[in-house]
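# Breakdown of the fold
Here is how the chains run, residue by residue.
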Amino acid sequence: MMKTLIIYWFRHDLRVSDNLALNHACDLACELDAELLPVFCHTTAYGCLRTTQTIWGFARMSSHRQAFLLDTLVDLRQQLSSYQLELLELDGELCEQTDFFAYVAKHYDDVRFVCEDIAAPEEIAQRKGLQDLGFSVQAIWQSTMLNPDDFEFELIEMPDQFTAFRHKVEAARYTVRAPVPTQLARLQTLPSSTMQQLILHFGAKRIGEKHALTHDQRSSFPYWESAFQGGSRSAMQHLANYFSTDLAHSYKQTRNQLSGVDFSTKFSPWLASGALSAPQIIHALQNFEQTHGKSDSSYWIWFELLWRDYFRFLHRKYGAQLYRPSGLCKTPIELPAFDPARFHQWTHAATGDALIDAAMCELRMTGYVSNRQRQQVASYWLHELAGDWRVGAAWFESQLLDCDVYSNQGNWLYLAGLGTDPRGYLGGRWFDPQKQAKQHDADGRYRRLWNML
Ligand SMILES: Cc1cc2nc3c(=O)[nH]c(=O)nc-3n(C[C@H](O)[C@H](O)[C@H](O)COP(=O)(O)OP(=O)(O)OC[C@H]3O[C@@H](n4cnc5c(N)ncnc54)[C@H](O)[C@@H]3O)c2cc1C
């Protein structure tokens, strides 16, 4: 009898519920009477087993990020095990797993991959690497709040400016799909002994213990506490907790604050790892609005998630152009040479500007910093320290618990004036550190919290 294996490749969608791509893999497995194997790859860019250095000499993934991912994977494994599935964790890029492929080819007649679609160059190359080996890979778009297939325009024609995009989308009143339950319970073909052997043989040695990290109690996202841990369980609990309060009605007024666990939603680390989906948030938001009424503030949560979508759609439109040194700028830009001393000042909170140093200290110590402070430190790096925007983006990628390739690249390009902003390179978006300190930390509380005053 023909043996078919469907490999579900988890990427930045580390959840079981509301996972359209995983549901598709289930459908396929049911239809073909196939076994389903969930796989996650610890790559040097995204994994707990090892990391690589950037060309500027720092780890691509900090220990904070690794610890959060580790918890996310523990949670994912538990969820899968309730459907008798075991997550196979591979050490390295999927397309480099030659022995694994030889094994599956020996034991299965047909092997197919399903995964979420990611429109960023590194992730596109990962998928292409697999396709170049001759595998069928079905990639399903699922990481946005809005479904681009609903748009009456092609993404290639989407307005470049956020405001124009937002107006278009608002006018059309696109709805957000309801979250979908997992289909894993439908699976008929349980893992065979071949698959058990395969997991035993190729499963990467798991890290049982986290790195010895100092937990800074000043964190605005204390990920080591159960309420903020990686994984869907904590994410769903946090979502429920957030909307059981009135915080959504004051969100717009508080979101520019600098510190604390509830001045903003804190959905981002779970969204970035995929433990939580944007439709799950919107569904909870709509339930909240039904019982507690709508407000400008509660609408603003949708609005901010639209920024997230916008950067994703820009990736679909412009692809690798967003990764050129000059971004979307038509003329080449000469970027400043890397100055290790200045970079050290910035990353080690030694610029001498108390507000900037406080934020850079918070980022390094905790892996999270508010949106306002991200804007300020990015502006400081670009304008005051005359830094290369790509180095700043890479440092954020390394440090942020919520590192998301689209939002990080998009925001850095936007601030550097190399995205869709018509003002051009460093033409706008300068944040005056002194004015910002007066406006957002008049009493010095934030700077004192990080011992900078
Ligand atoms: C230079 C720079 C780099 C950034 N890098 C990242 C990143 O790697 N990952 C990331 O998730 N966000 C990034 N952001 C956006 C934003 O700072 C964070 O999403 C936000 O601070 C996360 O906290 P929160 O969930 O409490 O946000 P909230 O204010 O509660 O917002 C709710 C959600 O809306 C989305 N959102 C809010 N602001 C933005 C924005 N400017 N761009 C895109 N989405 C947004 C996020 O998904 C967020 O979780 C970056 C911003 C800047 C200025």
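For the structure, check the block above.
Per-chain numbering applies: the sequence of each chain, read as written, is numbered from 1 onward. Residue-level local features of this predicted model are given only where pLDDT is at least 70; pairs of side-chain atoms are given and counted only at 80 or more, and the full residue set underlies all totals for whole chains, interfaces and linings. Remark: hydrogens and water are excluded; side-chain values derive from all non-hydrogen atoms of the structure.

### What about helix 14 (residues 371–384)?
Applicable threshold: Under the DSSP-based scheme used, a helix requires at least four consecutive residues in state H or I and a strand at least two consecutive residues in state E, with every element numbered from the N terminus. A helix is expected to reach a length of 1.5 Å times the quantity of its residues less one. Summary of the burial criterion: residues with accessible area below 20% of their type's maximum are buried, those above 50% are exposed, and those between are partly exposed, where the area comes from a 1.4 Å probe applied to protein chains only. Between two residues, a contact is recorded if the distance between any of their heavy atoms is within 4.5 Å.
An ideal rise of 1.5 Å per residue puts 20 Å on 14 residues; helix 14 measures up with 19 Å between its terminal C-alpha atoms. Counting buried positions over the 14 residues of helix 14 gives 10, a clear majority of the element. Where helix 14 is concerned, the buried positions are Arg372, Gln373, Arg374, Gln376, Val377, Ala378, Ser379, Tyr380, Trp381 and Leu382. Here the buried face of helix 14 lies against helix 12 (340–347), helix 13 (354–366), helix 15 (389–399), helix 16 (405–416), helix 17 (433–440) and helix 18 (445–449). Phi turns positive, to about 45°, at Ala386, one or two residues after helix 14.

### Details of the packing of aromatic side chains
Operational definition: Aromatic rings from Phe, Tyr and Trp, with only the six-membered ring used for Trp, were paired whenever their centres fell within 6.5 Å, and each pair was classed as stacked if the ring planes differed by under 30 degrees, edge-to-face if by over 60, and tilted otherwise. Whether a charge sits over a ring depends on NZ of Lys or CZ of Arg being within 6 Å of the ring centre and within 35 degrees of the ring normal.
In this structure the tally under the stated criterion is 46 aromatic pairs. Between Phe58 and Phe343 the ring centres are 5.4 Å apart and the planes differ by 25°, which places this aromatic pair in the stacked class. Here Phe343 lies in helix 12 and Phe58 lies in the loop between strand 2 (35–42) and helix 2 (63–81), a separation of 285 residues in the sequence. With a centroid separation of 5.3 Å and an interplanar angle of 80°, the aromatic rings of Phe162 and Tyr310 are classed as edge-to-face. In this pair, Phe162 is assigned in helix 5 (residues 162–172) and Tyr310 in helix 11 (residues 296–318), connecting sequence segments 148 residues apart. Here Phe162 falls in the buried class, since its relative accessible area comes to 6%. Classification of Tyr310 by relative accessible area gives buried; the value is 1%. Here the guanidinium or amino end of Arg11 rests over the ring plane of Trp9, the centre of that ring lying 4.1 Å away. One cation-aromatic arrangement involves Arg316 over Trp141; the distance from NZ or CZ to the ring centre is 4.6 Å.

### Quick notes on the environment of Gly392
Inspection of the secondary structure assignment puts Gly392 in helix 15. With a relative accessible area of 0%, Gly392 lands in the buried category. Note: C-alpha distance between Gly392 and Ser379 (13 residues apart in sequence) is 9.8 Å. When neighbours within four sequence positions are excluded, Gly392 is seen to be in contact with Trp346, Trp381 and Trp412.

### A closer look at unusual backbone geometry
The backbone of Asp18 sits at a positive phi, close to 45°, despite the residue not being glycine. Among the secondary structure elements, Asp18 is positioned in the loop between strand 1 (4–10) and helix 1 (20–32). For Ala386, which is not glycine, the phi torsion reads 45° and is therefore positive. Relative to the helices and strands, Ala386 resides in the loop between helix 14 and helix 15.

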